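# An overview of the molecular structure
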Amino acid sequence: MSRPTLLDLCCCAGGASMGYHRAGFDVTGVDIAPRPNYPFTFVQADAIEYVREHGHEYDAIHASWPCQFGAAITKGTNRHLRSRYVNLLPEGRAAMLATGRPYVIENPEARPDVVLCGTQFGLPVLRHRRIEVHGWTPMALPHPKHRGRVRGWRHGQYHDGPYLAVYGKGGGKATVPEMQAALGIDWTDVHEELTEAIPPAYTQYLGEQLAAQLQVVTS
Ligand SMILES: C[S@@+](CC[C@H](N)C(=O)[O-])C[C@H]1O[C@@H](n2cnc3c(N)ncnc32)[C@H](O)[C@@H]1O
């Protein structure tokens, strides 16, 4: 039986993609920036334009719409910067709905159908992520009580952990090798890509359920 296909929009270096791959999907990633570390089929394009044109060709779609909002820069030579300044969630969600495919959106403003945290997967990171779904139903996971603080300096005080800050630099925040180990990502050592990544464990959890539900629909 052939593997189901999944389109990962705004894929960056593929933290989310890797989880779906492990869950059994053939993954294609789309990002506006070149991502030479991305480990699967890659298309450099605007995600909204791509999903409008090609979204229906895939069995399921994931999008991590960027979450930096602000003044709109949508034209001219700075067009490639627009994602840093514009909330793509409403437009992106509408374009995904129009494909008729089941989807997953990960974004701080997404509807929190499921909220995932590293503690649910035994990872030493908190990295809470809101997950909005359409066309299928994931199980919620219990959220274990955090066992302590995030390692590093806060307001002049040093905290020992047990969790790692996988963003920013200095002040006790995780080094690149620590980030790689904590997130479960060994195919990129680019700080920015690790800072942005969803731990593959999150999307493997979602993807296994999504793949099982797709099988029921198509069999
Ligand atoms: C938060 S990161 C995604 C992280 C990814 N899900 C992971 O797990 O590794 C957001 C990505 O969106 C990309 N991006 C921003 N605007 C975009 C657009 N209009 N089209 C495609 N990609 C875009 C950025 O280059 C960045 O790589």
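Residues numbered from 1 in each chain as written. Predicted model: local features only at pLDDT ≥ 70, side-chain atom pairs only at ≥ 80, totals over all residues.

## Regarding the overall build of the protein
Worth spelling out the cut-off: In DSSP terms, a helix is any run of H or I states spanning at least four residues, a strand is any run of E spanning at least two, and both are numbered starting from the N terminus. Any residue pair is listed as a contact if its two C-beta atoms, each placed from the backbone, are within 7 Å.
Along the backbone of the protein there are seven helices and 11 strands. Across the protein, the fraction of contacts at a sequence separation of at least 24, relative to all contacts at a separation of at least 6, is 53%.

## Regarding the nonpolar core
Filter applied, for reference: For this analysis, nonpolar core means a set of buried Ala, Val, Leu, Ile, Met, Phe, Trp, Tyr and Cys residues linked through C-beta atoms within 7 Å. Our exposure labels follow a C-beta count within 10 Å of each residue's own C-beta, placed from the backbone: buried means 20 or more other C-beta atoms, exposed means 12 or fewer, and partly exposed covers the counts in between.
Residues L9, I61 and V166 are the most contacted members of the largest nonpolar core, which totals 54 residues. In terms of residue count, the dominant contributor to this core is helix α7 (residues 200-218) (six residues). Apart from residues lying up to four places away in sequence, I61 is in contact with L7, L9, V51, G55, M96, T99, R101 and Y103.

## Things to note about helix α1 (residues 15-22)
Of all the eight residues making up α1, seven are buried; the element is thus mostly covered by neighbouring parts of the structure. Phi for G24, located one or two positions after α1, is positive at around 110°.

## A few points about the confidence of the model for the protein
The condition is simple: Each residue carries a pLDDT score, the predictor's own confidence in it, on a scale running from 0 to 100.
Per-residue pLDDT for the protein has a mean of 90; in total, 90% of the residues score no lower than 70. Low confidence marks residues 70-76, where pLDDT is under 50. Its contacts with residues over four positions away, or in another chain, come to 12 contacts.

## A closer look at helix α2 (residues 47-54)
Put simply, the test is: Note: the arc covers the axis-to-C-beta directions of the helix.
Within the span of α2, buried status applies to A47, I48 and V51. Burial along α2 is one-sided: seen end-on, the buried residues are contained in an arc of 100°. Residues of α2 that are exposed and point over 90 degrees away from its buried face: E49 and E53. On its buried face, α2 is in contact with β1 (5-9), β2 (26-31), β4 (60-63) and α4 (89-99).

## Observations concerning the pairing of β4
For clarity, the cut-off: The rule for pairing is simple: two strands pair if DSSP sees at least two bridges between them.
The alternating pattern of β4 places A60 and H62 and I61 and A63 on opposite faces, both of which are buried. As paired strands, β1 and β4 are joined by four bridges and run parallel to one another. When the bridges of β4 are listed, L7 appears paired with I61. As judged from the three bridges shared by β4 and strand β5 (residues 103-106), these two strands associate in the parallel manner.

## Looking at the sheet that holds strand β3 (residues 41-44)
Rule in force here: For helices, the fitted axis covers only the stretch in contact; all axes are lines through C-alpha atoms, and the angles between them, taken along N-to-C directions, range from 0 to 180 degrees.
An order of β3-β2-β1-β4-β5-β7-β6 is seen for the seven strands of this open sheet, with the pairing classed as mixed. In this open sheet, the two edge strands, each paired with only one partner strand, are β3 and β6 (114-116). Strand-to-strand twist in this sheet, taken as the mean axis angle between neighbours without regard to direction, amounts to 20°. Inspection of the sheet shows β5 paired to strand β7 (residues 129-134) by four bridges, in the antiparallel sense. Bridge assignment links V104 to a residue of β7, and that residue is V133. Against the sheet, α2 makes contact with β1, β2, β3 and β4, and its axis sits at roughly 155° relative to β1, the strand it touches most. Against the sheet, α4 touches β4, β5 and β7, its axis set at about 175° to β4.

## Focus: the packing of α2 against α4
If you want to describe how two helices pack, look at the angle between their axes and the distance between the axes. Note the following rule: Each angle is binned into one of four classes, with values under 35 degrees roughly parallel, values over 145 roughly antiparallel, values of 65 to 115 roughly perpendicular, and all other values oblique. Left-handed describes a crossing whose near helix is turned anticlockwise from the far helix by less than a right angle; the clockwise case is right-handed.
The contact between α2 and α4 brings their axes to 9 Å, and the two run at 15°. Accordingly, the angle class assigned to the pair α2 and α4 is roughly parallel. Where α2 crosses over α4, the handedness of that crossing is left-handed. From α2, A47, I48, V51 and R52 reach across to α4, where they touch E91, G92, A95, M96 and T99.

## Comments concerning unusual backbone geometry
A positive phi angle, near 60°, is found at C10, a position not held by glycine. Residue position: C10 is located in the loop between β1 and α1. The exposure class of C10 is buried, given the 24 C-beta atoms found within 10 Å.

## Section: the environment of H56
Within the secondary structure, H56 is located in the loop between α2 and β4. Here H56 falls in the partly exposed class, since 13 other C-beta atoms lie within 10 Å of it. Contact partners of H56, with chain neighbours within four places excluded, come to T99, G100 and R101.

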